[in-house]
Amino acid sequence: ALHRAGHEAAFAAAEAAIERLIDLGDHDRAAAALVRLQQAMITAGTRPGRRIDSGERFAPQIAVGAPLLPIARILLATAYGYACRFEEAEEELRGALALPAAAGSEVHRGYADVARAFYVEQWTRGPAEALGSLDSAVARLERADPDDPLSFRLFARVLRSYVMLELGRHSEVLGLVDALRAEFGRRGAAEVLLRAA
């Protein structure tokens with residue numbers, strides 16, 4: 001349904017599946033499905049309010065020990081930030097990092113730092129400060145690369161490019177896009193970068 005542009009039908013089916021998984025007590029798969037749903041909504045360009053509604057509905061129902069719940073909540077934080085609900089975004093990021101699966105995880109800390117920099121700091125502190133935070137977050141994720149199951153550091157570098165554009169660093173961004181295209185290509189995901197760019 002999603003690939004046929006039936007976005008709302010796809011989201012409704014995913015939400016029904018998440019409800020069923022929660023009812024069955026399969027919280028690990030429910031958290032994974034919520035992550036996929038949030039990712040699909042981001043890819044489809046869904047308004048942040050719709051993403052927030054879905055995240056607020058399901059995240060509190062999923063057991064705190066579910067391995068992917070921190071990532072689902074970090075993605076929810078990005079929706080809050082995109083909706084200019086910055087305090088809620090910060091609160092959600094703190095909550096995500098307090099979950100058992102995120103304890104001591106450099107990857108989760110890196111994901112949260114990227115979300116905070118792009119979706120909160122860029123708008124509350126300005127793009128220059130956000131870029132510094134993104135540089136630190138990308139470095140953290142690159143150090144933890146084998147433990148980065150979503151290869152999120154690549155998307156963090158895409159977000160970093162957007163901030164650089166805000167700062168007028170256009171020629172640098174062109175070089176970065178070429179490097180990113182090559183990296184996405186090595187991972188078999190070049191078309192993802194082309195859509196994002």
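Residues numbered from 1 in each chain as written. Predicted model: local features only at pLDDT ≥ 70, side-chain atom pairs only at ≥ 80, totals over all residues. Heavy atoms only, no water.

1. Quick look at the packing of helix H1 (residues 7-23) against helix H3 (residues 48-58)
It is at 11 Å that the axes of H1 and H3 come closest, and there the two elements cross at 10 degrees. What the angle tells us is that H1 and H3 run roughly parallel. Of the residues in H3, those in contact with Glu8, Phe11, Glu15, Ile18, Glu19 and Ile22 of H1 are Arg50, Ser54, Arg57 and Phe58. Tallied by class, residues from the contact of H1 with H3 come to four nonpolar, one polar and five charged. (Axes fitted to C-alpha atoms, helices over the stretch in contact; angles between N-to-C directions. Helix = DSSP H or I, 4+ residues; strand = E, 2+ residues; numbered from the N terminus. Parallel < 35°, antiparallel > 145°, perpendicular 65-115°, else oblique. Contact = heavy atoms within 4.5 Å. Nonpolar A, V, L, I, M, F, W, Y, C, P; charged D, E, K, R; others polar.)

2. Topic: the pattern of salt bridges
One pass over the structure, following the stated rule, counts 18 salt bridges. Ionic pairing is found between Arg50 and Glu15, a salt bridge with its closest N-O pair at 2.8 Å. With a gap of 35 residues between them, Arg50 in helix H3 and Glu15 in helix H1 connect regions that are remote in the sequence. Accessibility classification places Arg50 together with Glu15 in one group, the buried group. (Salt bridge = Lys/Arg side-chain N within 4 Å of Asp/Glu carboxyl O. Buried < 20%, exposed > 50% of the residue type's maximum accessible area, 1.4 Å probe, protein only.)

3. Quick word on the packing of helix H6 (residues 106-124) against helix H7 (residues 127-143)
Between H6 and H7, the shortest axis-to-axis distance is 9 Å and the interhelical angle comes to 165 degrees. Classified by the angle between their axes, H6 and H7 sit roughly antiparallel to one another. Along this stretch, H6 crosses H7, giving a crossing that reads as left-handed. Contacts from Glu106, Val107, Arg109, Gly110, Tyr111, Asp113, Val114, Ala117, Glu121 and Gln122 in H6 reach Pro127, Glu129, Ala130, Ser133, Leu134, Ala137, Arg140, Leu141 and Arg143 in H7. (Left-handed = near helix turned anticlockwise from the far one by under 90°.)

4. As for the packing of aromatic side chains
Inspection of the entire model under this criterion finds three aromatic pairs. Pairing Phe118 with Tyr162 gives two aromatic rings, centres 6.3 Å apart and planes at 45 degrees, and the pair type is tilted. Here Phe118 is found in helix H6, whereas its partner Tyr162 is found in helix H8 (residues 152-166), with 44 residues between them in sequence. Through successive ring pairs, a cluster of aromatic residues spans Phe118, Tyr119 and Tyr162. (Phe/Tyr/Trp six-rings, centres within 6.5 Å; stacked < 30°, edge-to-face > 60°.)

5. A short note on the nonpolar core
Counting 47 residues, the largest nonpolar core has Leu34, Ile62, Leu69 and Val114 as the members making the most contacts within it. Those elements giving two or more residues to this core turn out to be H1, helix H2 (27-43), helix H4 (69-82), helix H5 (86-97), H6, H7, H8 and helix H9 (170-186). Examining the composition of this core, we find that eight residues originate from one element, H6, more than from any other. Excluding residues that lie within four positions of it along the chain, Leu69 makes contacts with Ala31, Ala59, Ile62, Ala63, Val64 and Leu99. (Core = buried A, V, L, I, M, F, W, Y, C linked by side-chain atoms within 4.5 Å.)

6. Focus on unusual backbone geometry
Even without being a glycine, Cys84 presents a positive backbone phi close to 65 degrees. Residue position: Cys84 is located in the loop between H4 and H5.

7. Notes on the environment of Pro100
Along the chain, Pro100 falls in the loop between H5 and H6. For the pair Pro100 and Leu69, spaced 31 residues apart in sequence, the C-alpha to C-alpha distance is 9.4 Å.

8. Digging into H2
Compared with an ideal rise of 1.5 Å per residue, which puts 17 residues at 24 Å, H2 spans 24 Å between its outermost C-alpha atoms and is within 8% of the ideal. Downstream of H2 by one or two residues, Gly45 has phi in the positive range, about 70 degrees. (Expected span 1.5 Å × (residues − 1).)

9. Describing the environment of Asp135
Counting through the fold element by element, Asp135 comes out in helix H7. For the pair formed by Asp135 and Ala156, sequence separation is 21 residues and the distance between their alpha carbons is 9.2 Å.

10. Description of H7
Under the 1.5 Å per step criterion, the end-to-end length of H7 is 24 Å for 17 residues, consistent within 8% with the ideal 24 Å. Listing the buried residues of H7 in full gives Ala130, Leu131, Leu134, Ala137, Val138, Arg140 and Leu141.

11. Looking at the confidence of the model for the protein chain
Reading fine detail from the predicted coordinates is not recommended where pLDDT is low. On average, residues of the protein chain score 89 in pLDDT, and 93% of them are at 70 or above. When pLDDT is averaged over each helix and strand of the protein chain, the minimum, 48, is found for helix H10 (residues 190-196) and the maximum, 98, for H5. (pLDDT = per-residue confidence, 0-100.)

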